[in-house]
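A look at the structure
One-letter residues, chain by chain:
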Amino acid sequence: MGKGVFQVPQAVNEPVKSYAPGTPERDAVLKAYKELYNSKVEVPLYIGGEEIKTGDTAPMNPPHDHQHHLGDYHKASKEHVEKAIKSALEAREKWANLEWEQRAAVFLKAAELIAGPYRYKINAATMIGQSKNIFQAEIDSACELIDFLRFNVEYMTRIYEEQPESSSEAWNRLEYRPLEGFVYAVTPFNFTAIAGNLPSAPALMGNVAVWKPSDSQVYSARVIMEVFKEAGLPDGVINMVMGDPKMISDTILENRDFAGLHFTGSTTVFKNLWKQIGENIHNYRSYPRIVGETGGKDFIIAHPSAKPKQVATAISRGAFEFQGQKCSAASRVYLPKSMWEEVKSYVVEDVKSFKMGSPEDMSNFITAVIHEASFDKLAKFIDAAKNDSDAEIVVGGNYDKSKGWFVEPTVILTNDPKYSTMCTELFGPVVTVYLYEDEKWNDTLKLVDDNEYALTGAILSQDRYAAAEATKALQNAAGNFYINDKPTGAVVGQQPFGGARGSGTNDKAGSILNLYRWISPRTIKETFVPPTDYRYPFLGE
Ligand SMILES: NC(=O)c1ccc[n+]([C@@H]2O[C@H](COP(=O)([O-])OP(=O)(O)OC[C@H]3O[C@@H](n4cnc5c(N)ncnc54)[C@H](O)[C@@H]3O)[C@@H](O)[C@H]2O)c1
Ligand SMILES: N[C@@H](CCC=O)C(=O)O
């Protein structure tokens, strides 16, 4: 067979379409939305080459219209999970030994399928199933997923190119083997792109995976599996199972061939999985790789020199896009007292101008939160703020679950920097503001830093010295730090994403750093003319 040192196409970020009125993309996505909305789908398990309908089902409903029945997804039993592991392990040898360029071609093709024929379907599925407005769906399920696939291919080749020094006597080579076993990918509801990336990044590096999507994301997860299948991903390389998360994790984590966890979701679930892996450590063939990107309590701090309108816009977009259901969403804000009245007037004006409703109506900026449990949790914290003496609602504060899980974007003002909503991750459209005395800038930086999480954060300042002070003082407070911007909207290839402390292992999804976790390098030294005498040169004299 012919060989070559192949070069992959240079990765570029997928341009975000505008969906402005009158554009062809707007018509196309609305058509796809209506078609999906008015048909029923069943989401099977994908195990090996089989699509398994177990008959043990749960309904899928759009968060913005919870009585509408979209169809059902099938839940796995323990036997199905064991079958998924078996099918992954059976696929492993052929996939791991396939030339890297063949693997790359599969995922580059998947990217092009999403950029082209599947774009409107995957966006519409994300709008319906996760209640994203079209702009949020486009940057997530189309652009970010395409970017993950394209950039990962380029990063893979950079890793493979990285080779040790050699000499004329010996040639040293690094072979980047996949892990010995299978990877367990567990994904959250809020990003279709993350759902696609977590099983595919290890698979690109030659691994096989069992993927458990969130129950609240299965609707678009099905489209991801369709794309992978059409892209030519061989059966068994990625197996998708849904159902009782505890049973699925128990079954997987007790398996000797479990080789890695690729997780994104809440901090508590991740810590429990880590603990369970620790308890099972004697059962495994190798030390499993553990990668987890988890919760956040992301901040905005404004210096007195910042421009109030810019601060307000960073709050309105940073806290409320996708109903605040981004791990990066701003949820605690520190403002100088002198700036508050002006910032407040802009934010209140913004919030009052937000339209809320179904994503099918593209003038709606805000749609519904993901499910009833989230709605109830948010309502509880909002009600507490209404009654607590150290908090007040500045704007918002209403909620209504009669048709969908609608929570009004809400701004709370507190005089306690440790008030519950300044510390607890709510994962919804609620942001809390604490006002500091203008001259207490340095003390306030310490307050910001004193937090369990360290995912994203932003400082707004016109004063360069203040920006520099914050950058230094908050070095460990965020894995993604923004100067004069909102703390959300990281782009693959531009702002590698992830946090530390309680926010995760900071392996930066969609970067070369993440791919290193899915390989187990082998060093090969080949000596051309082996020695024939054991003695050191001086011993022979
Ligand atoms: N840091 C990041 O990059 C990032 C990105 C997106 C979301 N998140 C975080 O994810 C959370 C929101 O997503 P979510 O509500 O889907 O999170 P979640 O923790 O409820 O669920 C995440 C996944 O874990 C599974 N799971 C739940 N309980 C489990 C158990 N006992 N055993 C095994 N698996 C279990 C879920 O079914 C789902 O697939 C927030 O905390 C958010 O900050 C972080
Ligand atoms: N990548 C996204 C966050 C992903 C988590 O939900 C951002 O930067 O806002």
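All values reported here derive from a predicted model rather than from experimental measurement.

This paragraph deals with the side chain of Asn-451. Along the chain, the position of Asn-451 falls in the loop between helix H14 (441-449) and strand S19 (453-454). Within the local environment of Asn-451, its side chain forms a polar contact with the backbone nitrogen of Tyr-453, the two atoms lying 3.0 Å apart. Here Asn-451 is in contact with Lys-297, Arg-332, Met-422 and Arg-501, once residues within four sequence places are set aside.

Every residue close to ligand 2 is listed here: Asn-190, Phe-191, Lys-326, Cys-327, Ser-328, Thr-488, Gly-489, Ala-490 and Phe-497. Here an oxygen atom of ligand 2 and a side-chain polar atom of Asn-190 are 2.8 Å apart. Between Gly-489 and ligand 2, the recorded distance is 2.8 Å, taken from a backbone N or O atom to an oxygen atom. Taking 290 Å² as the accessible area of ligand 2 by itself, protein coverage stands at 96%.

Take the packing of H14 against helix H15 (residues 464-473) next. A pair of packed helices is characterised by two quantities: the angle between their axes and the separation of those axes. With their axes 10 Å apart at the nearest point, H14 and H15 run at an angle of 35 degrees to one another. Two packed elements cross with a definite hand, and for H14 against H15 that hand is right-handed. Between H14, through Trp-441, Asn-442, Leu-445 and Asp-449, and H15, the contact on the second element is made entirely by Ala-466, Glu-469, Ala-470 and Ala-473. The residue inventory of the contact of H14 with H15, partitioned by class, reads 5 nonpolar, 1 polar and 2 charged.

What follows is about the environment of Phe-182. Counting through the fold element by element, Phe-182 comes out in strand S7 (residues 182-186). With a relative accessible area of 0%, Phe-182 lands in the buried category. Phe-182 sits 76 residues away from Phe-258 along the chain, and the two C-alpha atoms are 5.4 Å apart. Ignoring any residue separated from it by four or fewer positions in sequence, one finds Phe-182 in contact with Ile-85, Ala-88, Leu-89, Val-208, Val-210, Ile-252, Asn-255, Asp-257, Phe-258, Ala-259 and Gly-260.

Summarising the model, the protein chain shows a mean pLDDT of 98, and 100% of its residues fall at 70 or more. For this predicted complex, the interface score ipTM comes out at 0.99, while the overall pTM is 0.98.

In this section: the site of ligand 1. If you check the shell around ligand 1, you find 26 residues, and the closest are Thr-187, Lys-212, Ser-266, Thr-294 and Glu-425. Burial of ligand 1 by the surrounding chains reaches 84%, relative to a free accessible area of 840 Å². Mapped onto the shell around ligand 1, the elements with two or more residues apiece are helix H8 (245-253), strand S10 (258-264) and helix H9 (267-279). Looking at the shell around ligand 1, its residues break down into 13 nonpolar, 10 polar and 3 charged.

Conventions adopted
- Residues numbered from 1 in each chain as written.
- Chains lettered and ligands numbered in written order.
- Predicted model: local features only at pLDDT ≥ 70, side-chain atom pairs only at ≥ 80, totals over all residues.
- Heavy atoms only, no water.
- Helix = DSSP H or I, 4+ residues; strand = E, 2+ residues; numbered from the N terminus.
- Polar contact = N/O pair within 3.5 Å; in protein donor to acceptor, adjacent residues only side chain to side chain.
- Contact = heavy atoms within 4.5 Å.
- Near = heavy atom within 4 Å.
- Areas by Shrake-Rupley, 256 points an atom, 1.4 Å probe, with all protein chains shown as cover.
- Axes fitted to C-alpha atoms, helices over the stretch in contact; angles between N-to-C directions.
- Left-handed = near helix turned anticlockwise from the far one by under 90°.
- Nonpolar A, V, L, I, M, F, W, Y, C, P; charged D, E, K, R; others polar.
- Buried < 20%, exposed > 50% of the residue type's maximum accessible area, 1.4 Å probe, protein only.
- pLDDT = per-residue confidence, 0-100.

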